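# Summary of structural features
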Amino acid sequence: MSNIDQISANAIRVLAADAIQKAKSGHPGLPLGCADIAYVLWGKEMNHNPKNPNWRNRDRFILSGGHGSMLLYSLLHLFGYGLTVEDLKQFRQLDSKTPGHPEYRHTAGIEATTGPLGQGMAMAVGMAMAEKHMAAKYNKEGYPVFSHYVFALGGDGCMMEGISHECFSLAGTLKLDNLIVIYDSNKISIEGSTDIAFTEDVVKRFEAYGFQTIVVENGHDMDEISKAIKAAKADTTRPSMIMCKTKIGRGCPAKEGTAKAHGEPLGDENVLALKENLGWPSTEPFFVPDEVYANYKALAEAGAAAEEAWNKMFAEYKAKYPELAKQIEDDFNLDIAKGLIDNDDYWAFEDKPEATRKLSGMALNRIKDFVSGLFGGSADLSPSNISDMKNVPYFSAEDGSGRNIHFGVREQGMTAIANGITLYGLRGYAATFFVFSDYTKPMLRLSSIMRIPTTMIFSHDSIGVGEDGPTHEPIEQTAMLRSLPNFHVFRPADATETLAAWYSAVTSKETPTAIVTTRQGLPQLAGSSKEALKGAYILADSKKDTPDAIIIASGSEVNISVKAKEILAEDGIDVRVVSMPCMDIFEEQSAEYKEKVLPKKVRARVAVEALTDFGWGKYVGLDGATITMTGFGASAPQALLFEKYGFTAENIAKTVKSIL
């Protein structure tokens, strides 16, 4: 590499150090340590165009170690993605474009929200799977429409997290040769040397996964870094891991190679020492020489030329393969399922008792023919949670065109991979037992923050699981997911509500959805309707304008509540039954609609749900009651458990009487 290359890499270091020092907060260690890697990757090896951050065939870069965000912000500024020096000066400040960790949708050029270590690695695997899938479906000889790489950069912490094992084990199995993992191995953690807790041979670990492994002994030698990336690209049979041995805080004499470089500003004196050590031409904060900006501009123009060539190729492709080109657009069309709202075939069902997990599978297999971008699967449970698309091949190393995915028993990795698929622009979904949603929650939290419509199928709901007992009976998980902002939890009661849940999920653009289904069969309900799309509705109304009481229920407890209404009617008590399959969507409705369903003057209310009561207080109020779980379940047939814990029509009726 030339002198201008080294100065340009040092510009990343200087801008990062100045921004963190001005904010008096941040993590300088990674930006200083990885500046050479980042410069070579973004400047010499990645195809990207700052003028169009959404170019479909761009290489993706995921900074899994999101705490090192100033590395990314420096790159985005220098390459001309729209971040100004003023934006860098507002690092970590309220409403700035440069928050403490990278945020998807917030700043142009950010491919994923990262920070929780390891998750960026797994989302990168999802993106790589999406690229391989689209390439297998659409590339033709002479027309490599989808032909890009996914790069993930992370450090020792990412490698320690269990999610990295899950996702890379699958990536090796699938032979994702478009995935290049760059491991910043600086042997430092917050508490000191990584030797205190992390002594495994990471190279051997990746070899066991089926990766090509490349070691760059000096992670600051740009020529060696470039050779390693080229070697990774040259291997078309497997993913690659490049271990770059670096010095954390590179260039800062007092902190280089120490834990103190990780998560605190360098200090004014050390920033000056850094600049002196690098031979930087000015001590003025945020100063970058004109020749450095000119170099980055030239590199950016090369990226624009790459897109221009791709656009020309794709125009020829569209002329030669118009139907395939249209199908590509359909795969990325998030509005394509909206027509199902008036499709009678979609909303049809047999009037017989059925487990909602089976009804969910029915809905999925109707949707798959309309939503060609649907791409997902289960954590080794598809026969149980009915989550596979029938007559559709499975995605594999041999057949990338498959839309079904065997995730294996990897709930955490699976959910992050589904996020990566959704970030790519397709409809990612994943499935497991509801009790294992505990493993998925951190990734679903990121779905909510990123505002991406990943769909989760969670089967085997509540104590209805029965004989498997309390370890497999989800009690508190619904409350956990309902607590997430911008997240929809559907607990449908029958076929119509299950179809509504799926319709809501595949027409959402910015909100993830969990569809929670039963193991046991449930009857079809006479009053069930598409109003389930409003989150809650009057399923069985009172004859009076003002009901004596309101029973609110979801899922498997709705039909029991309808039976309780019949019992109460025999005693002259006229109640309304409200089905509330999705609290979150009900809260989004107008005040008028909410008042219509749950009038404030009716204070006698009973909520019924075979889960914890957390969250029901705002609906039943001080005068109401809940019939819910106060502890964990037990191992017994489902019907006996419902009787034991009070989920019977008789007990509901008794409770209503007690509050009147």
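Residues numbered from 1 in each chain as written. Predicted model: local features only at pLDDT ≥ 70, side-chain atom pairs only at ≥ 80, totals over all residues. Heavy atoms only, no water.

### Quick look at the overall build of the chain
Selection rule: Helix and strand assignments follow DSSP, with helices taken as H or I runs no shorter than four residues and strands as E runs no shorter than two, numbered in order from the N terminus. As defined in this context, the radius of gyration uses C-alpha atoms, and a globule is described by 2.2 Å times the residue total to the power 0.38. We call two residues contacting when some pair of their heavy atoms lies within 4.5 Å. Areas reported as accessible are Shrake-Rupley estimates using a 1.4 Å probe. Residue values count occlusion only from the protein chains shown.
Along its length, the chain carries 25 helices and 20 strands. Taken over the C-alpha trace, the chain has a radius of gyration of 28 Å; the compact-globule value for 660 residues is 26 Å, and the two agree within 12%. Along the first, second and third principal axes, the C-alpha atoms of the chain reach 90 × 60 × 45 Å. Considering only contacts in the chain between residues 6 or more positions apart, those separated by 24 or more positions represent 77%. About 24700 Å² of surface is accessible on the chain, with carbon and sulfur atoms providing 50% of the total.

### Overview of the pairing of strand β3 (residues 179-185)
Here is the rule: Throughout this description, buried means an accessible area under 20% of the type-specific maximum (1.4 Å probe, protein chains only), exposed means over 50%, and partly exposed covers the range between. Two strands pair under a simple rule: DSSP has to find at least two bridges between them.
β3 sits mainly inside the fold: 7 of its 7 residues count as buried. The two faces of β3 match: L179, V181, Y183 and S185 on one face and I180, I182 and D184 on the other face are all buried. As paired elements, strand β2 (residues 150-155) and β3 share 6 bridges and run parallel to each other. Within the sheet, the bridge partner assigned to L153 lies in β3 and is I182.

### As for helix α25 (residues 649-659)
Stated precisely, the cut-off is as follows: This arc corresponds to the set of directions leading from the helix axis out to the C-beta atoms.
Listed in full, the buried residues belonging to α25 are A649, I652, A653, T655 and V656. Each buried residue of α25 lies within a common arc of 160° when the element is viewed along its axis, so the set occupies one face. In α25, the exposed positions angled more than 90 degrees off the buried face are occupied by E650, K654 and S658. Those residues of α25 hidden inside the fold are in contact with β17 (549-553), α20 (558-570), β18 (575-579), β19 (605-608) and β20 (625-627).

### Some words on the sheet that holds β17
The criterion, for reference: Throughout, an axis means a line fitted to C-alpha atoms (over the contacting stretch in the case of helices), and angles, computed between N-to-C directions, take values from 0 to 180 degrees.
With mixed pairing, 5 strands are arranged side by side in an open sheet as β16-β18-β17-β19-β20. Whereas interior strands pair on both sides, the edge strands pair on one side only; in this sheet they are β16 (537-540) and β20. Put simply, the sheet's adjacent strands are angled 30° from each other on average, direction ignored. Where β17 and β19 come together, 4 bridges link them in parallel fashion.

### Some remarks on empty space enclosed by the protein
Empty space among the atoms becomes apparent when a probe as large as a water molecule is rolled across them. For clarity, the cut-off: Think of a 1 Å grid over the protein atoms and nothing else: a 1.4 Å probe that fits but is trapped marks a cavity, an open set flanked by protein within 12 Å on at least five of seven lines marks a pocket, and residues with an atom within 4 Å of a point count as lining. Grid points are joined across faces, edges and corners, and a volume is the space filled by probe spheres set on the points. Residue type decides the class: Asp, Glu, Lys and Arg count as charged, Ala, Val, Leu, Ile, Met, Phe, Trp, Tyr, Cys and Pro as nonpolar, and the leftover types, Gly among them, as polar.
Counted according to the given criterion, the structure contains 2 cavities of 30 Å³ or more. The calculated volume of the largest cavity comes to roughly 90 Å³. Partitioning the lining of the largest cavity into residue classes produces 5 nonpolar, 4 polar and 4 charged. Forming the boundary of the second largest cavity are F61, I62, L63, L72, P102, I110, E111, A112 and T114. It is strand β1 (residues 60-63) that provides the largest number of residues to the lining of the second largest cavity, a total of 3 residues.

### Points about the nonpolar core
Quick note on the threshold: In this description, a nonpolar core means a group of buried Ala, Val, Leu, Ile, Met, Phe, Trp, Tyr and Cys residues linked to one another through side-chain atoms lying within 4.5 Å.
Of all hydrophobic cores here, the largest spans 75 residues; its most connected members are F168 and L179. With 12 residues, the single largest contributor to this core is helix α5 (residues 119-138). In this structure, F168 is in contact with M121, V125, M159, L179, V181, F206, Y209 and F211, ignoring residues within four places of it in sequence. L340, I367, L598 and W616 belong to the second-largest nonpolar core, a separate cluster that totals 74 residues.

### Regarding the sheet that holds strand β6 (residues 212-216)
Here we have 5 strands laid out as an open sheet, ordered β1-β2-β3-β7-β6, and parallel in their pairing. The open sheet has two edge strands with one neighbour each: β1 and β6. For this sheet, the mean inter-axis angle between neighbouring strands, taken without regard to orientation, is 15°. Strand direction decides the pairing type here: β3 and strand β7 (residues 240-245), joined by 6 bridges, are parallel. Looking at the pairing, I182 lines up with I242 of β7. In this fold helix α8 (residues 202-209) packs onto β3, β6 and β7, with an angle of close to 175° to the strand it touches most, β7.

### So, the layout of surface pockets
Of the volumes computed, that of the largest pocket is approximately 570 Å³. The wall of the largest pocket is formed by 23 residues, among which N54, R58, Y104, L423 and G425 lie closest to the centre. Classifying every residue of the lining of the largest pocket gives 11 nonpolar, 6 polar and 6 charged. Put simply, the second largest pocket is a space of about 370 Å³. If you go around the second largest pocket, you meet 18 residues; those closest to its centre are H67, L117, G157, I188 and H262. Elements with a contribution of two residues or more to the lining of the second largest pocket: α2 (29-45), α6 (156-160) and β4 (188-189). Residue composition of the lining of the second largest pocket, grouped by class: 7 nonpolar, 8 polar and 3 charged.

### Let's talk about the pattern of salt bridges
Our working rule: By salt bridge we mean one thing: a side-chain nitrogen of Lys or Arg within 4 Å of a carboxyl oxygen of Asp or Glu.
Summed over the entire model, instances satisfying the criterion amount to 36 salt bridges. R13 serves as the salt-bridge partner of D36, at 2.5 Å between the closest nitrogen and oxygen. Taken together, the residues span a long stretch of sequence, with D36 in helix α2 and R13 in helix α1 (residues 3-23) at a distance of 23 residues. One salt bridge connects K544 with D548, and the closest N-O pair in it is separated by 2.8 Å. Residue K544 is classed as partly exposed on the basis of its relative accessible area, which comes to 40%. When its relative accessible area of 24% is taken as the criterion, D548 is described as partly exposed. Here the salt bridges do not stand alone but share partners, grouping D461, R482, R491, E557 and E609 into one network.

### A short note on helix α7 (residues 162-174)
Under the convention used in this document: Expected span, for any helix, means 1.5 Å times one less than how many residues it has.
End to end, α7 covers 19 Å across 13 residues, agreeing with the expected 18 Å (1.5 Å per residue, within 8%). The element α7 is extensively covered by neighbouring structure, given that 10 of its 13 residues are classed as buried. Of the residues making up α7, those classed as buried are I163, S164, E166, C167, F168, S169, L170, A171, G172 and L174. Positioned one or two residues after α7, K175 has a phi angle of 55°, which is positive.

### A closer look at the packing of α5 against helix α16 (residues 411-424)
Convention followed: For this classification, under 35 degrees means roughly parallel, over 145 means roughly antiparallel, 65 to 115 means roughly perpendicular, and everything else is oblique. Take the far helix as your reference; a near helix turned counterclockwise from it by less than a right angle gives a left-handed crossing, and one turned clockwise gives a right-handed crossing.
Put simply, α5 and α16 touch, their axes get as near as 7 Å, and they point 55° apart. Classified by the angle between their axes, α5 and α16 sit oblique to one another. Two packed elements cross with a definite hand, and for α5 against α16 that hand is right-handed. In this structure, α5 uses Q119, A122, M123, V125, G126, M127, M129, A130, E131 and M134 to contact α16, whose residues at the interface are G413, A416, I417, N419, G420, I421, L423 and Y424. For the contact of α5 with α16, the per-class residue count stands at 12 nonpolar, 5 polar and 1 charged.

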